[in-house]
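Below are the chains, spelled out letter by letter.
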Amino acid sequence: MPTIITHSVVAVSAGVSTTFLNRSLKFWILSIVCSSLPDADVIGYHWLYIPSYHFLGHRGFFHSPFFAAILSFLVVSVFYRKEGMFSKQWWKYFLYFFILTASHGILDALTNGGSGIALLSPLTNERYFFPWTPIEVSPLSISRFLSPRGMTVLLSELLWIWIPVLLIAIVVRLKTKRNATA
Ligand SMILES: [Zn+2]
């Protein structure tokens, strides 16, 4: 997995780029939770002894776009009740949280280690990587992360994720500002 810090950077960049939603404190907290929540499946791996390749194992169902759609539906239905179910604004929030949650599995599929991602779950538990995997996989244990290996992982995430997503956020903000002042 890329680290939780990196998934949170993706959440903040996505939020900054999204000018058509009400970006309250609730919005930011939900953004960070949605982008990182799929990794809660390590609880099953560490404490419930669920094997990695199980349907509910690490990088299994909870990393799939299908789960992202369920989570987004729940988040918007519970936290954005005022928008009115299936209204235009409701769909905007739904799409935003869906893409953000789904980005987690997509980014994991770009890492160079661990088990693949069950991107088509629940249709199949087959695990996938993209043909190009430039991102160094992050170790699951904190002690191993605090080693020189952890630094290599962070540098790789900085290069392949932080810089591109922050650049996109800056460009979108500048463009929106220019349109507003034009
Ligand atoms: Zn993950």
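Position labels on residues start from 1 in each chain and follow its written sequence. Two thresholds apply to this predicted model, a pLDDT of at least 70 for residue-level local features and 80 or more for giving and counting side-chain atom pairs, whereas whole-chain, interface and lining totals are computed over all residues.

S.K.: Can you help me understand the nonpolar core in this one?
M.R.: One broad rule of soluble globular proteins: the nonpolar side chains tend to lie buried together. Buried Ala, Val, Leu, Ile, Met, Phe, Trp, Tyr and Cys residues form a nonpolar core when they are connected through C-beta atoms within 7 Å. Burial is judged by counting other C-beta atoms within 10 Å of a residue's own C-beta: 20 or more means buried, 12 or fewer means exposed, and anything between counts as partly exposed, with every C-beta placed from the backbone. Residues Val 10, Cys 34, Val 75, Phe 97, Leu 100 and Ile 161 are the most contacted members of the largest nonpolar core, which totals 23 residues. A run of H or I in DSSP counts as a helix once it spans at least four residues, and a run of E counts as a strand once it spans at least two, with each numbered from the N terminus. The set of elements that each furnish at least two residues to this core consists of α1 (4–17), α2 (25–36), α4 (65–79), α5 (88–108) and α7 (148–181). No other element matches the seven residues that α5 contributes to this core. For every residue pair, C-beta atoms are placed from the backbone, and the pair is scored as a contact if these atoms sit within 7 Å. The contacts of Cys 34, once residues within four sequence positions are left out, are Leu 71, Val 75, Phe 97, Leu 100 and Thr 101.

S.K.: What is the right way to read the packing of α2 against α4 from this model?
M.R.: Geometry of a packed helix pair, given as the angle between the helix axes and the separation of the axes. Packing of α2 against α4 leaves a shortest axis separation of 12 Å and a crossing angle of 160°. Here α4 runs roughly antiparallel to α2, going by the angle between their axes. Our pair here, α2 against α4, has a crossing hand that is right-handed. For the pair formed by α2 and α4, the contact residues are Lys 26, Leu 30 and Cys 34 on the first element and Leu 71, Val 75 and Phe 79 on the second. Polar here means any residue outside two lists: the nonpolar Ala, Val, Leu, Ile, Met, Phe, Trp, Tyr, Cys and Pro, and the charged Asp, Glu, Lys and Arg; Gly therefore counts as polar. Residues that form the contact of α2 with α4 fall into these classes: five nonpolar, no polar and one charged. Think of each axis as a best-fit line through the C-alpha atoms, taken over the contacting stretch in the case of a helix, with angles from 0 to 180 degrees between the N-to-C directions. Here the angle decides the label: under 35 degrees means roughly parallel, over 145 means roughly antiparallel, 65 to 115 means roughly perpendicular, and every other value means oblique. Crossing handedness: left-handed means the near helix sits turned counterclockwise from the far one by under a right angle, and right-handed means the same turn made clockwise.

S.K.: Mind showing me how you'd approach α4 here?
M.R.: For an α-helix, the turn length of 3.6 residues means that residues three or four places apart are oriented alike. Helices are assigned an expected span. That span is 1.5 Å times one less than the residue count. Spanning 15 residues, α4 covers 20 Å between terminal C-alpha atoms, matching the ideal 21 Å at 1.5 Å per step. What α4 keeps buried is the set Phe 67, Ala 68, Leu 71, Ser 72, Val 75 and Val 76. Down the axis of α4, the buried side of the element spans an arc of 155°, and every buried residue falls inside it. Seen from the open side of α4, the exposed residues pointing more than 90 degrees away from its buried face are Leu 74 and Val 78. Of the surrounding secondary structure, the elements contacted by the buried residues of α4 are α2 and α5. Of all possible arcs, the one meant is that of the directions from the helix axis to the C-beta atoms.

S.K.: Got a minute to help me understand the packing of α4 against α5 in this structure?
M.R.: Relative orientation of the contacting elements α4 and α5 amounts to 140°, with a least axis distance of 8 Å. The orientation of α4 relative to α5 falls into the category oblique. When you trace α4 past α5, the crossing you get is right-handed. Here Pro 65, Ala 68, Ala 69, Leu 71, Ser 72, Phe 73, Val 75 and Val 76 of α4 come into contact with α5, specifically with Trp 90, Tyr 93, Phe 94, Phe 97, Phe 98, Thr 101, Ala 102 and Gly 105.

S.K.: Explain the confidence of the model for the chain to me, please; I cannot follow it from the model alone.
M.R.: With 97% of its residues at a pLDDT of 70 or more, the chain has an overall mean of 91. You can read pLDDT as the predictor saying how much it trusts each residue, on a scale of 0 to 100. Ranking the elements of the chain by mean pLDDT puts helix α6 (residues 142–145) last, at 68, and α4 first, at 98.

S.K.: It is not clear to me how α2 should be interpreted in this structure. Could you clarify?
M.R.: The first and last C-alpha atoms of α2 sit 17 Å apart over twelve residues, in line with the 16 Å expected at 1.5 Å per residue. Considered for burial, the residues of α2 that qualify are Leu 30, Ser 31, Cys 34, Ser 35 and Ser 36. The inward-facing, buried residues of α2 abut α1, α4 and α5.

S.K.: Just to check I follow, could you spell out unusual backbone geometry for this structure?
M.R.: Outside of glycine, negative phi angles account for most residues, and trans bonds account for most peptide bonds. The linkage connecting Ser 121 with the following residue, Pro 122, adopts the cis geometry, with an omega of 10°. For Arg 59, which is not a glycine, the phi torsion comes out positive at approximately 70°. Mapped onto the elements, Arg 59 comes out in the loop between α3 (42–47) and α4. Judged by the 29 C-beta atoms lying within 10 Å of it, Arg 59 falls in the buried class. Here the phi dihedral of Phe 86 falls at roughly 65°; this positive angle occurs in a residue that is not glycine.

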